[in-house]
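Observations on chain architecture
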Amino acid sequence: MLKVSNVSRKLKNQSLHGPSPVTTFGPKACMLQNPHAVMHIQDPASQRLTWNKPPKSVLVIKKIQDASLLQPFKELCVFLTEKNMIVYVERKVLVDPAIQSDESFAVVIQKFCTFREDLDDISNRVDFIICLGGDGTLLYASSLFQKSVPPVMAFHLGSLGFLTPFNFDAYQSQVTQIIEGNAAIILRSRLRVVKESREKKARVDEKDIIMTNGDSEGSRKALQYQVLNEVVVDRGPSSYLSNVDLFLDGHLITTVQGDGVIVSTPTGSTAYAVAAGASMIHPNVPAIMITPICPHSLSFRPIVVPAGVELKIMLSRDARNTAWVSFDGRKRQEICHGDSITITTSCFPVPSICFRDPVNDWFESLAQCLHWNVRKQQNYLSSEEDEF
């Protein structure tokens, strides 16, 4: 009889497929279960939105300081209030003088529920989200929810719009379809990132000046982030190469010497990563991408690893300078010796509402936004020309 050793048991506890994503999004939304799913992994084309109860609240996210969005924002908010929806709006959006000076819109503003980023928790109050702007508004919406994310409907009112499949022209019928639960969704995986840093101990000298001792071991401080696109570690303002060690499941796999490294989701593969030479991966593919930024090596190519691995990034012992890290382009901070960045796949994806379906929407974005494989067609070769 075959026996499984303790080492084998330990290895079997870890899945390379990553954690199973939650299928409930916010207080009322969930994924419609497919009875024909194989091994509980649904065909991405069959992922449909449904509601446990009719949605009553909606968060409207508008790109700040964009005059072109004022009229669509007002029209949408009027439409939602007429449907007796509770509308949540960030407080700083209403500070815009163009909104405050509109007396006809003042009646609608009085019905709003407002919140402040990092101060008010709205995670259990919002049934779904509507974004007005570009891809940045969707990334911002993701950052507001560190656990379960309500379904997100993104209108293309920005510059690129790779993640925003809806045009605003038919917003009334499209929003009505969402409220009725008639839509396909795509689960965009996120990265769970933990930054651990060593807090230096401080001492006070005879002049009451606080001094830090870099050699003393202080307490550990941990910050956690949910990242939709990518984690970027770079050399910052230093003129030296960044020199960071990259660990996978506790094993050192390489040292990155260059301008930095990008760790991205499949959704982020069409952002900074593709500009650095990475492949574009469909968001339904469970994977994590590792892409060097201008590596000082001719053989350091971008790689794709299983979604279930744990990555850790630390400054190399021989690094001449510190490094810097950012999360979806925000929260930029310094990485010092002894600090670590631990990255795993999150079990809280962003349920992004599709215009048609996950596959067609993605290829449409590749064609319209990135002009993928645009080339003048080769002329037909006639039989007479073929003879020569």
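See above for the structure.
Residues numbered from 1 in each chain as written. Predicted model: local features only at pLDDT ≥ 70, side-chain atom pairs only at ≥ 80, totals over all residues. Heavy atoms only, no water.

In this section: helix α6 (residues 171–179). Taken together, the buried positions of α6 are Tyr171, Gln174, Val175, Ile178 and Ile179. Taken down its axis, α6 places every buried residue within 140° of arc, on the same side. The elements touched by buried residues of α6 are β3 (49–51), α2 (70–82), β7 (128–133), β8 (152–156) and β23 (350–353). With its phi angle positive at about 80°, Gly181 sits one or two positions after the end of α6. (Buried < 20%, exposed > 50% of the residue type's maximum accessible area, 1.4 Å probe, protein only. Helix = DSSP H or I, 4+ residues; strand = E, 2+ residues; numbered from the N terminus. Arc of directions from axis to C-beta. Contact = heavy atoms within 4.5 Å.)

For side chains bearing opposite charge, pairing can occur when the charged atoms are close. Enumeration over the complete set of coordinates arrives at eight salt bridges. Note that Lys28 and Asp127 form a salt bridge whose closest N and O atoms lie 3.5 Å from each other. Of the two residues, Lys28 sits in the loop between β1 (24–25) and β2 (29–31) while Asp127 sits in the loop between β6 (113–115) and β7, which places them 99 residues apart along the sequence. By relative accessible area, Asp127 is classed as buried at 2%. Lys92 is the salt-bridge partner of Glu90, the closest N and O atoms lying 3.8 Å from each other. (Salt bridge = Lys/Arg side-chain N within 4 Å of Asp/Glu carboxyl O.)

Turning our attention to the packing of aromatic side chains. Across all of its chains, the model carries 12 aromatic pairs by this definition. Consider the rings of Phe166 and Phe355, whose centres lie 5.7 Å apart with planes at 85°: the pair is edge-to-face. Highlighted residues: Phe166 in the loop between β8 and α6 and Phe355 in the loop between β23 and α8 (358–369), separated in sequence by 189 residues. For Phe166, a relative accessible area of 4% puts it in the buried group. Ring geometry for Phe363 and Trp372: centres 5.9 Å apart, planes at 45°, overall tilted. Here Trp372 falls in the partly exposed class, since its relative accessible area comes to 45%. Members of the aromatic cluster, each reached through a chain of ring pairs, are Phe79, Phe155, Phe166, Phe168, Tyr171 and Phe355. (Phe/Tyr/Trp six-rings, centres within 6.5 Å; stacked < 30°, edge-to-face > 60°.)

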